[in-house]
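# Residue-level structure breakdown
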Amino acid sequence: MNIENGFRFIDLFCGIGGFHQAMANLGGICVFACDIDASCRKTYEHNYGIMPAGDITKIHEEDIPEHDVLCAGFPCQAFSKAGKRMGFADEAKGTLFFDILRILNYHQPKYALLENVRNLASHDGGNTWRVIHDSIVESGYNVLDEPVIFSPHYIGIPQHRERVFIMCVRKDIGTVPPFVFNESNISPCSVDDILLDEDEIENLAKYKLSDDQITWINNWNTFIRGINCAKLPGFPIWADSLCALENNPMVANWDNLPKWQQNFISKNNELWMQNIKFIDNWLKEASKCPLFFGAKAKLEWQVGNIKNPDIWEHIMQIRPSGLRVKPGTYFPALVAITQTSIVGKRKRFLTPRECARLQSFPDSFICDKKDSQAYKQFGNSINIKLVDLFARYMFGDPEIRHRYSKESQCPEKNPSSSKKTKSISDNGPTLFDSFDY
Ligand SMILES: C[S@@+](CC[C@H](N)C(=O)[O-])C[C@H]1O[C@@H](n2cnc3c(N)ncnc32)[C@H](O)[C@@H]1O
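The following refers to the structure shown. (Residues numbered from 1 in each chain as written. Predicted model: local features only at pLDDT ≥ 70, side-chain atom pairs only at ≥ 80, totals over all residues.)

### A look at the sheet that holds strand 13 (residues 322-326)
- As summarised here, the arrangement of the six strands in space is 10-11-13-12-15-16, forming an open sheet in which the pairing is mixed. The open sheet terminates on both sides in strands that have one partner only, identified here as strand 10 (237-238) and strand 16 (348-349).
- Note: strand 15 (residues 342-343) against strand 16, two bridges, orientation antiparallel. The partner of isoleucine 342 across the bridge, within strand 16, is phenylalanine 349. (Pairing = 2+ DSSP bridges. Helix = DSSP H or I, 4+ residues; strand = E, 2+ residues; numbered from the N terminus.)

Shown next as structure tokens:
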């Protein structure tokens, strides 16, 4: 392979090109991309001048150009917690891995870098991972025995997004040494790193919370600041269960309720009993807000037991299960569905550009004009700095390999505190050595 002229990569399930960004930064040239989604293909073309092909299942492997690196962040619904978790049984999405495999088998590129949701590691009691691992090995590649799980917030990027990374190195090219990450080395994060100043946001009003939304969240703030309890509640607060049990219509059906629901109803009732006067007054006031019904009459306080809580210092999401409040240090994983995070201290939703920054896309990236599409695309995408990290590790960048070695991550004799993966072989000569960084 002629490194001076760049290496060639293919971008399967390319989305908006998270892999493309990282591989191009490393000197790669994209020779093929595909994605079934027409809006993604348009965004991809706008940004990279390449119109991706469509459905991978319709693409013959012989029609794909020769390449050195295969990249694929394959669809995750079949394995993700949000989906039905059918895995390979999901014929439409679960088996797309085998499309990667047929291309890998045919072209035998030097490297392949795959990414999927964290759940892939444990899906079907580990069988799904075993099948993936064993098929890659049978195709002639070295791959770690265990999948590496990594999140942008480990390295100071304020997004909690644990994903599985699978580094494959063709057996004659080299190996994949154990990738070690010690959680005590997690870097501090700040959401300020990705937030835009208000005067930088076009159409700012569009992202601001409405007056009703502010009143509704203020009500929950009054609640969390006003209740008297030994510990702030870690269970979901359901406004319609903050009452005497005999007044709770759900109790009529008690024996048919699942245990978890009985448990939450009892806990809400106990909380009410400890705060009857405060809660009854609060409920009277809160129900005046037109938004206070359904999921918005539920609160999931996931910040822990802190002194002087203030909801506006945190990150929120409006979910089917209620208003979820998380610590203000980093954002929860961007998702493809509409649960755009609310930045408490700015009283507004994240903008698409800030979502791009959470995935480490450069500000020059051209987002889809439709916000709903842009949110979806970034939610489906991948953090570019993590692609860069795993590509460099896979290619053999000595600095990155050293950084994630056992010696660096666990210098003292305390390997039990590390997140560690085992390797099947040792370091060897790699393509990376020839790169000029
Ligand atoms: C997890 S996303 C990958 C996103 C990508 N890594 C990025 O940086 O944006 C999976 C992608 O697979 C695409 N996809 C699903 N089924 C497909 C198929 N049969 N052929 C090609 N692409 C498909 C989806 O449209 C989606 O964009």
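Back to the text.
### Here we look at the pairing of strand 1 (residues 8-12)
- Counted residue by residue, strand 1 has four buried out of five residues, so it is predominantly covered.
- Bridge count for strand 1 against strand 2 (residues 29-34) is five bridges, and the pairing is parallel. In the strand pairing of strand 2, arginine 8 is matched with isoleucine 29.
- Examined bridge by bridge, strand 1 and strand 3 (residues 69-73) share four bridges and lie parallel to one another. In the strand pairing of strand 3, leucine 12 is matched with alanine 72. (Buried ≥ 20, exposed ≤ 12 C-beta atoms within 10 Å, placed from the backbone.)

### A short note on helix 11 (residues 384-395)
- The end-to-end C-alpha separation of helix 11 is 16 Å, in line with the 16 Å expected for 12 residues at 1.5 Å each.
- With respect to burial, helix 11 is a largely interior element, 10 of its 12 residues being buried.
- Those residues of helix 11 that sit buried are Ile384, Leu386, Val387, Leu389, Phe390, Ala391, Arg392, Tyr393, Met394 and Phe395.
- Buried-residue contacts for helix 11 involve helix 1 (18-25), strand 4 (111-117), strand 6 (148-150), strand 8 (163-170) and helix 12 (398-403). (Expected span 1.5 Å × (residues − 1). Contact = placed C-beta atoms within 7 Å.)

### Looking at the nonpolar core
- The biggest cluster of nonpolar side chains holds 98 residues, and the ones touching the most others in it are Leu12, Cys71, Leu113, Met167, Phe390 and Met394.
- Residues in contact with methionine 167, not counting those within four places in the same chain, are Leu113, Val143, Leu144, Val176, Phe390, Tyr393 and Met394.
- Judged by nonpolar contacts, the second largest core, of seven residues, contains Ala239, Leu242, Ile279 and Ala297. (Core = buried A, V, L, I, M, F, W, Y, C linked by C-beta atoms within 7 Å.)

### Some remarks on unusual backbone geometry
- Here glutamine 108, not a glycine, exhibits a phi torsion of approximately 45 degrees, which is positive.
- The phi dihedral of lysine 347 is positive, around 50 degrees, even though this residue is not glycine.

### Side note on the packing of helix 6 (residues 211-226) against helix 8 (residues 276-286)
- Contact geometry for helix 6 and helix 8: axes closest at 10 Å, N-to-C directions at 175 degrees. Relative to helix 8, the element helix 6 is oriented roughly antiparallel. In contact with Asn219, Thr222, Phe223 and Gly226 of helix 6, helix 8 contributes Phe278, Trp282, Glu285 and Ala286. (Axes fitted to C-alpha atoms, helices over the stretch in contact; angles between N-to-C directions. Parallel < 35°, antiparallel > 145°, perpendicular 65-115°, else oblique.)

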